[in-house]
Amino acid sequence: MSKGTVILAYSGGLDTSCILVWLKEQGYDVIAFLANIGQDEDFEAARIKAEKLGAKKVFIEDLRSEFVEDFIWPSVQANAVYEDRYLLGTAIARPCIARSQVEIARREGAQFVSHGATGKGNDQIRFELTCYALYPEVEAPWSMDANLMHISYESGILENPKSHAPADLYLMTKNPEDSPNTPDVLEIEFGNGVPLKVTNVKEGKSKNSPLDIFSYLNEIGGKHGVGRIDIVENRFIGMKSRGIYETPGGTILLQAHLDIETFTMDKEVRRIKQGLGIKFSELVYNGFWYSPECDFVRHCINKSQENVQGKVQLSVFKGQVYILGRESPKSLYNEELVSMDVQGNYDPCDASGFIRINAVRLREHHRLQGVSSIKK
């Protein structure tokens, strides 16, 4: 008699194939679930393999559009970067995959979910926190990267942080030294802090749908070697790990969004929003996308983006993104006010009082420092 039904997040690789066979041997009915989030994979071959290994059913879900709209776009709004460098490509993909896995588990009446993530990494936490949040009655008895946003590399020779990455490691991006000698000039249009349209200025080519926009930015960024990083990061469970990431489209969007946001957002609002962006990045990295605090932070960030609209022109060339210009109907930039040649609605004499007020604190600090030095 079957011990119950397990929805296995299946990749077609060695780890999850072994798990599928093992679960069958333990007496479970296994339903294999494959998520298409933009990785280069032969899904039909994976389906055939899962069926041969004994999967009762196989579901292949195309999650690319919802991955961009529901997970990548909120991360763009947040300028989400973990520990100043990592753009969270894996971290934001996990709740997207797990959400679909839970939907299938509910639909099929499964009692268990399974994945192949190592117990030493972050992904076990990310998968299981999502499952417990969205399907509290399910159990996760066992612990599964490439996706539309990035490719990550770790383990093996990369575990020695001194070892250089092999030249043939990178799959999404060209070596900047081998990239074209002519830049691509892009115009990215934003509304409410998310991209609405990208246009290649020289070619006149435009993309309008979220999936097409992000895929095209990946193509351009990859061609020019944009978005490579090699870092040592702090895992949620307390150890450090070395990871190499390629995030071409995400890197272009980060630079463009930072620029239009600074152009259109009040200084003090942006200061608060920067703190929220850091908190959002930590929550996502640690697997708390579906927590009440992350929901609250996303709501606040979304509110901050109401006036973040306009166009940014940039150049993508030899591993770099160069901002060329920007325009917005919601711009807070006042050319007449800031001009050194026009007085505008600003009295330079006001600066004297402003300086004196700000100098009070500094005078007092150094007065006390002087008194302290004399006493010593």
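Residues numbered from 1 in each chain as written. Predicted model: local features only at pLDDT ≥ 70, side-chain atom pairs only at ≥ 80, totals over all residues. Heavy atoms only, no water.

- The name an unreviewed UniProt entry gives the chain is Argininosuccinate synthase, with Cyclopterus lumpus as the organism.
- A UniProt comment under Catalytic activity (unreviewed entry) is attached to the chain, and it reads "L-citrulline + L-aspartate + ATP = 2-(N(omega)-L-arginino)succinate + AMP + diphosphate + H(+)".
- Within the UniProt record for the chain, the comment given under Subcellular location (unreviewed entry) is "Cytoplasm, Cytosol". (UniProt positions renumbered as here; feature names shortened; annotations may be inferred.)

## Remarks on the overall build of the chain
Thought 1: Across its full length, the chain carries 11 helices and 13 strands.
Thought 2: Across its three principal directions, the C-alpha atoms of the chain cover 85 × 65 × 40 Å.
Thought 3: Burial status across the chain gives 46% buried among its 376 residues.
Thought 4: Averaging the coordinates of the 43 positive side-chain charges in the chain and doing the same for the 51 negative ones gives two points 5 Å apart. (Helix = DSSP H or I, 4+ residues; strand = E, 2+ residues; numbered from the N terminus. Buried < 20%, exposed > 50% of the residue type's maximum accessible area, 1.4 Å probe, protein only. Lys, Arg positive; Asp, Glu negative; His and termini not counted. Charge placed at Lys NZ, Arg CZ, Asp CG, Glu CD.)

## Brief notes about the packing of helix 6 (residues 210-223) against helix 7 (residues 248-264)
Thought 1: Between helix 6 and helix 7, the shortest axis-to-axis distance is 7 Å and the interhelical angle comes to 100 degrees. For the element pair helix 6 / helix 7, the angle class is roughly perpendicular. Between helix 6 and helix 7, the contacting residues are F214, L217, N218, G221 and G222 on the first element and P248, G249, G250, I252 and L253 on the second.
Thought 2: Within the contact of helix 6 with helix 7, the residues separate by chemical class into five nonpolar, five polar and no charged. (Axes fitted to C-alpha atoms, helices over the stretch in contact; angles between N-to-C directions. Parallel < 35°, antiparallel > 145°, perpendicular 65-115°, else oblique. Contact = heavy atoms within 4.5 Å. Nonpolar A, V, L, I, M, F, W, Y, C, P; charged D, E, K, R; others polar.)

## Focus: the packing of aromatic side chains
Thought 1: Inspection of the entire model under this criterion finds 10 aromatic pairs.
Thought 2: Relative to Y285, the ring of Y86 has its centre 6.0 Å away and its plane inclined at 85 degrees; by these criteria the two rings are edge-to-face.
Thought 3: We classify Y285 as buried; its relative accessible area is 0%.
Thought 4: Their ring planes at 80 degrees and their centres at 5.9 Å tell us that F236 and F288 sit as a pair that is edge-to-face. (Phe/Tyr/Trp six-rings, centres within 6.5 Å; stacked < 30°, edge-to-face > 60°.)

## A closer look at the sheet that holds strand 10 (residues 228-234)
Thought 1: Overall, antiparallel pairing links the three strands, which are arranged 6-11-10 in an open sheet. Among the strands making up the open sheet, the edge pair consists of strand 6 (151-153) and strand 10. Taken pair by pair, the neighbouring strands of this sheet meet at an average axis angle of 30 degrees, ignoring direction.
Thought 2: Bridge analysis of strand 10 against strand 11 (residues 240-246) gives seven bridges, and the strand direction is antiparallel. Opposite R228, over in strand 11, you have E246 as the bridge partner. (Pairing = 2+ DSSP bridges.)

## Re the sheet that holds strand 7 (residues 184-191)
Thought 1: One open sheet accounts for five strands, arranged 9-8-7-12-13; its pairing is antiparallel. Pairing within the sheet leaves two strands with one partner each, and these edge strands are strand 9 (205-207) and strand 13 (320-327). Strand after strand, the sheet turns through a mean of 25 degrees between neighbouring axes, direction not considered.
Thought 2: As defined by bridge partners, strand 8 (residues 194-200) adjoins strand 9 across three bridges and the pair is classed as antiparallel. What sits directly across from T199, in strand 9, is S206.
Thought 3: Docked against the sheet, helix 6 engages strand 7, strand 8, strand 9 and strand 12 (310-317), running at close to 50 degrees with respect to strand 8.

## Observations concerning the pattern of salt bridges
Thought 1: The full count for this structure, using the stated rule, is 16 salt bridges.
Thought 2: A salt bridge links E306 to K303; the shortest N-O distance between them is 3.2 Å.
Thought 3: Given a relative accessible area of 41%, E306 falls into the partly exposed group.
Thought 4: A cluster of three or more residues bridged by salt bridges with shared partners is formed by E66, D70 and R99. (Salt bridge = Lys/Arg side-chain N within 4 Å of Asp/Glu carboxyl O.)

## Some details on the environment of N307
Thought 1: Relative to the elements of secondary structure, N307 occurs in the loop between helix 9 (292-304) and strand 12.
Thought 2: Counting along the chain gives 127 residues from N307 to P180, while the straight-line C-alpha distance between them is 36 Å.
Thought 3: Residues in contact with N307, not counting those within four places in the same chain, are T264 and K330.

## Some thoughts on helix 2 (residues 43-53)
The α-helix advances 3.6 residues per turn, and as a result positions three or four apart in sequence lie on the same side.
Thought 1: Residues F43, A46 and A50 constitute the buried set of helix 2. Taken end-on, helix 2 shows its buried residues confined to a sector of 55 degrees, consistent with a single buried face.
Thought 2: Contacts from the buried residues of helix 2 go to helix 1 (14-25), strand 2 (29-36) and strand 3 (57-62).
Thought 3: At the N-terminal end of helix 2, a side-chain oxygen is found 3.3 Å from the backbone nitrogen of E44, two or three residues along, and the residue is D42.
Thought 4: Positive backbone phi, approximately 115 degrees, marks G54, located one or two places after helix 2. (Arc of directions from axis to C-beta. Polar contact = N/O pair within 3.5 Å; in protein donor to acceptor, adjacent residues only side chain to side chain.)

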